Amino acid sequence: MLAELDTKPGMPPIAGRVDRLAGLASKLLPMGMLAASRGGAILAQFAAQLAVGTLAGASGLGVLQLFTSWTCIAGEVLGLGLPTRAMRQVSVAYAAGRADQIQQILRESRRKILRVWLWLLLLAAVPAAVLLGQHAAPDWTHYGWLLLGAGLVAPLFSLLRLYAESTKATGAALAAVTLESLTSPALLLLACAGCWLAGQPLASITLVTAFALSLVITPLALRARLRQQLAQLQQVKLAADDTAAHQPAPRGDLLYLWGTSVLSIGFLQLPFVIMPLYVDTAEIGVFAVAHKLINVVTTLLLLLAAVFGPAFARAAAQRDQPALLGLLRRTQLISTAVFLPAALALLVLAGPIASLFGNDFGDLRLFLAILAAGHLVNAATGLAGVLLNMAGAASRELSTLVVALAAALAGSAWVGPEYGAPGLAAVFSGSIALKNLASYALATHLLKSTGKQQ
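Residues numbered from 1 in each chain as written. Predicted model: local features only at pLDDT ≥ 70, side-chain atom pairs only at ≥ 80, totals over all residues. Heavy atoms only, no water.

Peer 1: Hey, could you go over the overall build of the protein for me, with residue numbers and the actual values?
Peer 2: Counting secondary structure elements, the protein contains 17 helices and 0 strands. Burial status across the protein gives 50% buried among its 454 residues. Partitioning the contacts of the protein with sequence separation of at least 6, the portion at a separation of at least 24 is 82%. Counting only carbon and sulfur atoms, one obtains 67% of the accessible surface of the protein, whose full area is about 20,800 Å². (Helix = DSSP H or I, 4+ residues; strand = E, 2+ residues; numbered from the N terminus. Buried < 20%, exposed > 50% of the residue type's maximum accessible area, 1.4 Å probe, protein only. Contact = heavy atoms within 4.5 Å. Areas by Shrake-Rupley, 256 points an atom, 1.4 Å probe, with all protein chains shown as cover.)

Now the structure itself:
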């Protein structure tokens, strides 16, 4: 009504401004809620690390980080690239009103993940039996036991990723981000509180069990939320010229997506694969705190990917090059604007934060400063890698990860024996910058070539 009055001759423009402000507020509100959810997750994760570091020391925190990292890597391997492809497929199918197609995508993806896991479990049965026979009781500070546990719960992480990406693609990004971010720290905090109240030490098996339990609860909750989204979806009949949901994927697309997903998570968790070769779990625990704190930008980019990933997929399906470029620019501006003040605040507060954890965490500021340099580049380049995956150019994103991972491995072998944890941190930070600069260069080249073809 206000809009109609505003279009009449002689009427003041204030009504139109009110409508525009209301429209802007409706667009910003979901982003604000997502940011609040992610901010709450950051605080919860920090609180969980603080509790674990206080009760179990740097060594206990190192064990938890290793188990978490190895589970994520194994789960991404089992995922076969299906979660990333599901986001692209589900976002297009959901826009077309095809709930039946979405259910089929999820059913087939779930079966493939579990089938591969069962085959790998059979292959690992003999080595696992040998490990079990060497020890009378599990020692979860032993790397072999951590690997065994990670392999057993890995498919749960794969399913978590599948349901989370699919839920985001249906527009329920807030629910997906909240569940995948908060469940694990919440259970860890409960475990810490229980041990503290009972006057018992916080054992490694308690930490491992709490994290594993979060991998059971989160996929189930995400699946229930996704079912709600699909139940509300109106079934519509596709028009003859509406082929968006059935566009053929590039040849070898799933293989590229799989490689990209595995290398992405492997690249992110690389420090916790390499560091056990050169440093002890106490140093890993100190680095883990710095890694978690400075990953505010990684947390932010995950949040942005929940919103912009489906938008990239839809714009790519329509071959809308200006829209893709505009979306990429927005991710650059948002991530940089948030990361810079957050990183400066962390560096200023590094001393008080380290004192909260204890005397073992004196090198926290050094690690924060080294990692901040690489993540600044990560923020400045935005979601270039997500754009490549959603635009059907996963092979290009895979190439950047291969190069960066090779550089990180070579640098670690050269620096690790002599310079230890600080040297390894510098290598990881440099490889992060290299990877994101390469992704951004390839993304802008893709957009330019697409624009010329049009």
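Peer 1: Just give me the short version of the packing of helix H4 (residues 99-123) against helix H8 (residues 204-231), but keep the residues and values in it.
Peer 2: The interhelical angle for the contact between H4 and H8, taken along N-to-C directions, is 155°, at an axis separation of 10 Å. Looking at the two axes, H4 sits roughly antiparallel to H8. H4 and H8 meet at a crossing whose hand is left-handed. Contacts between H4 and H8 involve Ala99, Ile102, Gln103, Leu106 and Arg110 on the former and, on the latter, Arg223, Leu226 and Leu230. Residues belonging to the contact of H4 with H8 are distributed by class as follows: 5 nonpolar, 1 polar and 2 charged. (Axes fitted to C-alpha atoms, helices over the stretch in contact; angles between N-to-C directions. Parallel < 35°, antiparallel > 145°, perpendicular 65-115°, else oblique. Left-handed = near helix turned anticlockwise from the far one by under 90°. Nonpolar A, V, L, I, M, F, W, Y, C, P; charged D, E, K, R; others polar.)

Peer 1: Can you explain the pattern of salt bridges? Please cite residues and give values.
Peer 2: A full pass over the atoms with the stated rule returns 6 salt bridges. One salt bridge in this structure joins Arg98 and Asp100, with 3.2 Å as the shortest N-O distance. The salt bridge involving Lys168 is made with Glu180; its shortest N-O contact spans 2.8 Å. On the criterion of sequence distance, the pair formed by Lys168 in helix H6 (residues 143-169) and Glu180 in helix H7 (residues 173-198) is long-range, its members being 12 residues apart. The exposure class assigned to Lys168 is buried, which follows from its relative accessible area of 6%. Given the relative accessible area of 25%, Glu180 is considered partly exposed. (Salt bridge = Lys/Arg side-chain N within 4 Å of Asp/Glu carboxyl O.)

Peer 1: Outline a positive patch on the surface, supporting the account with residue identities and numerical values.
Peer 2: Side chains of Arg107, Arg111, Lys112 and Arg115 sit close together on the surface and give a patch of like positive charge. Note on placement: Arg107 falls in helix H4. (Patch = residues over 30% accessible without salt bridge, like charges linked within 9 Å, V, L, I, M, F, W, Y side chains within 5 Å. Lys, Arg positive; Asp, Glu negative; His and termini not counted. Charge placed at Lys NZ, Arg CZ, Asp CG, Glu CD.)

Peer 1: How would you summarise the side chain of Gln229 if you had to cite specific residues and measurements?
Peer 2: By secondary structure assignment, the location of Gln229 is in helix H8. Apart from the residues within four sequence positions on either side, Gln229 is in contact with Tyr94, Thr170, Gly171 and Ala172.

Peer 1: Before we move on, can you summarise the side chain of Glu76 with the specific residues and values?
Peer 2: Mapped onto the elements of the fold, Glu76 is located in helix H2 (residues 14-79). Those residues in contact with Glu76 that lie beyond four places of it in its chain are Phe157, Arg161, Trp258, Ser261, Val262 and Ile265.

Peer 1: Which residues make up the packing of aromatic side chains, and what are the values?
Peer 2: All told, the structure shown has 4 aromatic pairs when counted by the stated rule. Ring geometry for Phe67 against Phe211: centres 5.9 Å apart, planes inclined by 85°, an arrangement best described as edge-to-face. Of the two residues, Phe67 is situated in helix H2 and Phe211 in helix H8; the sequence distance between them amounts to 144 residues. As far as the burial class goes, Phe67 and Phe211 line up, both buried. Centroid distance Phe287 to Phe367: 5.5 Å. Interplanar angle 85°. Geometry classified as edge-to-face. Here Phe287, found in helix H11 (residues 281-294), pairs with Phe367, found in helix H15 (residues 364-380); they are 80 residues apart in sequence, far enough to count as distant. Like Phe287, the residue Phe367 is buried in the burial classification. Members of the aromatic cluster, connected to one another through ring pairs, are Phe287, Phe367 and Phe428. (Phe/Tyr/Trp six-rings, centres within 6.5 Å; stacked < 30°, edge-to-face > 60°.)

Peer 1: Let's hear about the environment of Val92: which residues, and what values?
Peer 2: With respect to the helices, strands and loops of the structure, Val92 is situated in helix H3 (residues 82-95). Among the residues examined, Val92 registers a relative accessible area of 11% and is labelled buried. Spatially, the C-alpha atom of Val92 lies 6.3 Å from that of Arg314, the residues being 222 residues apart in sequence.

Peer 1: An account of the environment of Leu327 is requested, with residue identities and associated values reported.
Peer 2: Position of Leu327 relative to the elements: it lies in helix H13 (residues 321-348). Assessed through its relative accessible area of 11%, Leu327 is described here as buried. Considering only alpha carbons, one finds Leu327 and Phe312, 15 residues apart in sequence, at a separation of 7.4 Å.

Peer 1: Residues and numbers for the nonpolar core, please.
Peer 2: In this structure, Met275, Phe287, Phe312, Phe361, Leu364 and Leu387 are the most contacted members of the largest nonpolar core, which totals 109 residues. It is helix H17 (residues 394-453) that contributes the most residues to this core, 13 residues altogether. The contact partners of Leu364, leaving out residues within four places of it in the chain, are Val286, Val289, Ala290, Leu293, Ala350, Ile353 and Ala354. (Core = buried A, V, L, I, M, F, W, Y, C linked by side-chain atoms within 4.5 Å.)

Peer 1: Before we move on, could you go through the confidence of the model for the protein and cite the residues and values that matter?
Peer 2: Per-chain confidence: the protein averages 78 in pLDDT, with 79% of residues scoring 70 or above. The spread of mean pLDDT over the elements of the protein runs between helix H1 (residues 2-6), the lowest at 42, and H8, the highest at 89. Contacts for the low-pLDDT stretch residues 1-12, under 50 throughout, to residues beyond four places or in other chains number 10 contacts. Note on residues 235-247: pLDDT under 50 across the span, and 19 contacts to partners over four residues away in sequence or across chains. (pLDDT = per-residue confidence, 0-100.)

Peer 1: So what's going on with unusual backbone geometry? Residues and values would help.
Peer 2: The residue Leu80 is not glycine, and still its phi comes out positive at about 60°. Within the secondary structure layout, Leu80 lies in the loop between H2 and H3. By relative accessible area, which is 15% here, Leu80 ends up buried. For Arg319, which is not a glycine, the phi torsion comes out positive at approximately 55°. Turning to its location among the elements, Arg319 is positioned in the loop between helix H12 (296-317) and H13.

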